[in-house]
Amino acid sequence: MARSARHCGPDPAAAAAFVRSCTRLRPPPLLPEIALHLADEPYALWERTEAAAGRSPLPVPFWAFPWAGGTALARFLLDHPDRAAGQIVLDLASGSGLVAIAAARAGAAAVTANEIDPLALAAITLNAGANGVTLGLAPGDLLDGGCGPATLVLAGDACYERSLAARLAGFLARARAAGAGVLLGDPGRAYLPRHGLEPVASYQVPAWPGLEDAGVKTATVWQPARPC
């Protein structure tokens, strides 16, 4: 979940204009069915975002790139639409909205994308429109609460920090206790809370330029382990 660039926070139109100005609409790896507003590489955009915000450092703009865990989860949902069809979906730390868009394309009854960054919310809105789907938006940090009416909770590549992964694990445990399904996509991040999870699919995901330490990442989709 990226943090906000101060110049775009109060004005959604300015945020949308910024997203358009530094991205191009194109398909992410493994997902020719979907088009996203994507940047060429992270560092130039990172510097541009910091300059526009008038402060530094800011984190990498997660909303402008297709991360491997989210790519795998989106591919899984499109390959297995029965997992999302008819569900009320909450996509946590949605970034570009890729996983949320895939869930909507797979036939979910309703999809809400959650993000804390106004630029990400602008990107999600633009990307939803480009793909002809309707997404609800849930701004802010939801991880200390519950999943509300969601029957399926999704998280793609959200375990890149220890504290965030721990809070995510708590949220997902509460979601499961409330009866919601859970799917996570992850390319082997160190803080993935694997206890109580089982893999359901793996994909070889070409890495976006400048994002990863390898040209191809093995990304796995995880679900809660079934009782023995």
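Check the entry above for the structure.
This text gives an overview of the structure that appears in the document. (Residues numbered from 1 in each chain as written. Predicted model: local features only at pLDDT ≥ 70, side-chain atom pairs only at ≥ 80, totals over all residues. Heavy atoms only, no water.)

1. A word on the packing of helix H1 (residues 12-21) against helix H5 (residues 118-130)
Applied cut-off: The convention used is that axes are lines fitted to C-alpha atoms, helices contributing only their stretch in contact, and that angles between N-to-C directions extend from 0 to 180 degrees. For helices the rule is a DSSP run of H or I covering at least 4 residues; for strands it is a run of E covering at least 2, with both sets numbered from the N terminus onward. When describing relative orientation, an angle under 35 degrees is termed roughly parallel and one over 145 degrees roughly antiparallel, while 65 to 115 degrees is termed roughly perpendicular and anything else oblique. Whether two residues are in contact is decided by their heavy atoms: any pair within 4.5 Å suffices. Note on residue categories: nonpolar means Ala, Val, Leu, Ile, Met, Phe, Trp, Tyr, Cys or Pro, charged means Asp, Glu, Lys or Arg, and polar means any other residue, Gly included.
Interhelical geometry of H1 versus H5 gives an angle of 70° and a closest axis separation of 8 Å. The angle between the axes of H1 and H5 places the two elements in the roughly perpendicular class. On H5, the residues that touch Ala15, Ala16, Phe18, Val19 and Arg20 of H1 are Pro118, Leu119, Ala122, Ala123 and Leu126. Residue composition of the contact of H1 with H5, by class: 9 nonpolar, no polar and 1 charged.

2. Some details on the nonpolar core
Rules: Working definition of a nonpolar core: buried Ala, Val, Leu, Ile, Met, Phe, Trp, Tyr and Cys residues. They are joined through side-chain atoms within 4.5 Å. Each residue's exposure class comes from its accessible area (1.4 Å probe, protein chains only) as a fraction of the maximum for that residue type: buried when under 20%, exposed when over 50%, partly exposed otherwise.
Core analysis: the biggest nonpolar cluster contains 55 residues, and Trp63, Leu77, Leu135 and Leu154 have the highest contact counts within it. Residue contacts for leucine 135: discarding those within four places in its chain leaves Ala100, Ile101, Ala104, Val111, Ile124 and Ala128. In this structure, Leu90, Cys159, Leu172 and Val182 belong to the second largest nonpolar core, which totals 22 residues.

3. What about the packing of helix H3 (residues 68-79) against helix H4 (residues 98-105)?
One way to put it is that H3 packs onto H4 with a least axis distance of 8 Å and a crossing angle of 0°. It follows from the interaxial angle that H3 and H4 lie roughly parallel. Touching Gly70, Thr71, Leu73, Ala74, Leu77 and Leu78 of H3 are Leu98, Val99, Ala102, Ala103 and Arg105, all from H4. A per-class count over the contact of H3 with H4 returns 8 nonpolar, 2 polar and 1 charged.

4. Things to note about the packing of aromatic side chains
Note the cut-off: A pair of Phe, Tyr and Trp rings is counted when the ring centres sit within 6.5 Å of each other, with Trp represented by its six-membered ring. The angle between the planes then sorts it: under 30 degrees is stacked, over 60 is edge-to-face, the rest tilted.
Going through the model one piece at a time under the given rule, you end up with 2 aromatic pairs. Considering the side-chain rings of phenylalanine 62 and tryptophan 67, the 5.5 Å spacing of their centres and the 55° angle between planes classify their relative orientation as tilted. Per residue, the accessibility class of phenylalanine 62 equals that of tryptophan 67, and both read buried. Put simply, the rings of Phe62, Trp67 and Tyr160 touch in pairs and so form one group of aromatic residues.

5. What about the sheet that holds strand E4 (residues 110-115)?
Keep this limit in mind: Strand pairing is defined by DSSP finding a minimum of two bridges between the two strands.
On the basis of which strands lie adjacent, the open sheet formed by 7 strands has the order E5-E4-E3-E6-E7-E9-E8 and mixed pairing. Of all strands in the sheet, those with a lone pairing partner are strand E5 (136-139) and strand E8 (197-206), marking the two edges. Along the sheet, successive strands turn relative to each other by an average axial angle of 20°, direction set aside. As judged from the 9 bridges shared by E8 and strand E9 (residues 216-224), these two strands associate in the antiparallel manner.

6. Digging into unusual backbone geometry
Although it is not a glycine, alanine 93 sits at a positive phi angle of roughly 50°. When you line up the elements, alanine 93 lands in the loop between strand E3 (88-92) and H4. Here aspartate 157, not a glycine, exhibits a phi torsion of approximately 55°, which is positive. Mapping aspartate 157 onto the fold places it in the loop between strand E6 (152-156) and helix H6 (162-177). A relative accessible area of 7% means that aspartate 157 is categorised as buried.

7. Quick notes on the pattern of salt bridges
Selection criterion: Salt bridge criterion: a side-chain nitrogen from Lys or Arg within 4 Å of a carboxyl oxygen from Asp or Glu.
In total, this model carries 9 salt bridges according to the counting rule given. The partner of glutamate 33 in a salt bridge is arginine 75, with the nearest N and O atoms 2.8 Å apart. Remark: arginine 75 occurs in helix H3 and glutamate 33 occurs in the loop between strand E1 (24-26) and strand E2 (36-38); sequence separation between them is 42 residues. Residue arginine 189 pairs with glutamate 212 through a salt bridge whose shortest N-O separation is 2.7 Å. Of this pair, arginine 189 sits in the loop between strand E7 (181-186) and E8 while glutamate 212 sits in the loop between E8 and E9, placing them 23 residues apart in sequence.

8. A few points about the side chain of arginine 189
Arginine 189 sits in the buried class, given a relative accessible area of 18%. When near neighbours in sequence (up to four residues on either side) are disregarded, arginine 189 contacts Trp67, Asp157, Cys159 and Glu212.

9. Concerning H1
Going by this rule: Each direction from the helix axis to a C-beta atom contributes to the arc, which is the arc of those directions. Counting of polar contacts relies on pairs of N or O atoms within 3.5 Å, with two restrictions inside protein: one atom must be capable of donating a hydrogen and the other of accepting it, and residues adjacent in sequence are counted only when both atoms are side-chain atoms.
For H1, every residue scored as buried is listed here: Ala15, Ala16, Phe18 and Val19. Within H1, the buried residues cover an arc of 160° as seen down the axis, which keeps them to one side. Of the residues that open H1, the one with a side-chain oxygen 3.0 Å from the backbone nitrogen of alanine 13 is aspartate 11.

10. Thoughts on H4
Most of H4 is tucked away, with 7 of its 8 residues classed as buried. Turning to H4, its buried residues are Leu98, Val99, Ala100, Ile101, Ala102, Ala103 and Ala104. Each element contacted by the buried residues of H4 is listed here: E2, H3, E3, E4, H5 and E6. Phi turns positive, to about 105°, at glycine 107, one or two residues after H4.

It is worth stressing that arrangement in space is one thing and function is another; only the former is reported here.
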